[in-house]
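# Summary of the model geometry
One-letter residues, chain by chain:
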Amino acid sequence: MMKRLEDMMAAVSFAEEGDAEGAREMLRGRNAILLAISDVCFDTSVLKYALNLGKRVQAGIDILYLTRVEAHIDQIRDFMQTVCKEGIACRLTKTEGCMKKAILEYTDKRREIIFVVVGSTPELDIECRSAERSLSDAWKRLQCPLVVVAKSDMPSMA
């Protein structure tokens, strides 16, 4: 409910500035791709894949950045600028902890997520304790496809 109210207020701001199309977009809602990345397994090919997917399905990109030291923040900011230049909405959320758990919590709160994109299968286990690594029952709650972008640039659907 609060998210919808925030979107309405943003739409009012767009309309006041004369951007009727921007206002309509805010009120329509948006689909988004969740790009889950980390400092540990940072790979620029997953960024490119998410951008191309966002263009194809006309969806925004939400970046879930699992970090402690923000080692790649400049590359992420550059990527966000590129995404915005393409006319794609983009937002960044920094977090710590287990990647699987962070993805599940994020997608539970944001129903507009239509895909989750990660760089590799081992990246899903980053910072996860043994109990969290076996989140198989909880993992079934994921309401959208999980795309794992392999090093060979050949994605696999999980």
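Since the model is a prediction, treat every value here as computed from it, not as a measurement.

### A word on helix 3 (residues 44-57)
For helix 3, which comprises 14 residues, the first-to-last C-alpha distance of 20 Å matches the rise-based estimate of 20 Å (1.5 Å per residue) to within 8%. Considered for burial, the residues of helix 3 that qualify are Ser45, Val46, Leu47, Tyr49, Ala50, Leu51, Leu53 and Gly54. Positive backbone phi, approximately 55°, marks Gln58, located one or two places after helix 3.

### Some points on the packing of helix 3 against helix 4 (residues 73-85)
Two elements in contact, helix 3 and helix 4, have axes whose closest approach is 11 Å; the angle formed by their N-to-C orientations is 20°. Taken as axis vectors, helix 3 and helix 4 run roughly parallel relative to one another. In this structure, the crossing between helix 3 and helix 4 has a hand that is right-handed. From helix 3, Thr44, Leu47 and Leu51 reach across to helix 4, where they touch Gln75, Phe79, Thr82 and Val83. Taken together, the residues of the contact of helix 3 with helix 4 sort by class into four nonpolar, three polar and no charged.

### Some details on unusual backbone geometry
Phi is positive for Glu70, which is not a glycine, with a value near 50°. Relative to the helices and strands, Glu70 resides in the loop between strand 2 (60-66) and helix 4.

### Brief notes about helix 4
Over its 13 residues, helix 4 runs 18 Å from end to end, which matches the ideal 18 Å to within 8%, given 1.5 Å per residue. Turning to helix 4, its buried residues number three or more, namely Ile73, Ile76, Phe79, Met80 and Val83. The arc that holds every buried residue of helix 4, seen down its axis, measures 115°, which confines them to one face. Looking at helix 4, the residues exposed on the side facing more than 90 degrees away from the buried face are Asp74 and Lys85. At its buried positions, helix 4 is contacted by strand 1 (32-38), helix 3, strand 2 and strand 3 (90-95).

### Describing the nonpolar core
One finds Leu35, Ile37, Ile61, Ile63, Phe79 and Val117 to be the most contacted residues of the largest nonpolar core, which totals 25 residues. Those elements giving two or more residues to this core turn out to be strand 1, helix 3, strand 2, helix 4, strand 4 (113-118) and strand 5 (146-149). Per element, the largest residue contribution to this core is six residues, and it comes from helix 3. If we ignore the near neighbours within four places in the chain, the residues touching Val117 are Ile33, Leu34, Leu35, Ala36, Val46, Tyr49, Leu53, Val147 and Val149. Counting residues in each nonpolar core, the second largest holds 19 residues, with Leu64, Leu66, Ile126 and Cys144 among its members.

### What about the environment of His72?
Within the secondary structure layout, His72 lies in the loop between strand 2 and helix 4. Separated by 33 residues in the primary sequence, His72 and Asp39 place their C-alpha atoms 6.6 Å from one another. Beyond its immediate sequence surroundings of up to four residues, His72 is in contact with Asp39, Phe42 and Tyr65. A polar atom in the side chain of His72 sits 2.9 Å from the side chain of Gln75.

Reading the values: rules and limits
Residues numbered from 1 in each chain as written. Predicted model: local features only at pLDDT ≥ 70, side-chain atom pairs only at ≥ 80, totals over all residues. Heavy atoms only, no water. Helix = DSSP H or I, 4+ residues; strand = E, 2+ residues; numbered from the N terminus. Expected span 1.5 Å × (residues − 1). Buried < 20%, exposed > 50% of the residue type's maximum accessible area, 1.4 Å probe, protein only. Axes fitted to C-alpha atoms, helices over the stretch in contact; angles between N-to-C directions. Parallel < 35°, antiparallel > 145°, perpendicular 65-115°, else oblique. Left-handed = near helix turned anticlockwise from the far one by under 90°. Contact = heavy atoms within 4.5 Å. Nonpolar A, V, L, I, M, F, W, Y, C, P; charged D, E, K, R; others polar. Arc of directions from axis to C-beta. Core = buried A, V, L, I, M, F, W, Y, C linked by side-chain atoms within 4.5 Å. Polar contact = N/O pair within 3.5 Å; in protein donor to acceptor, adjacent residues only side chain to side chain.

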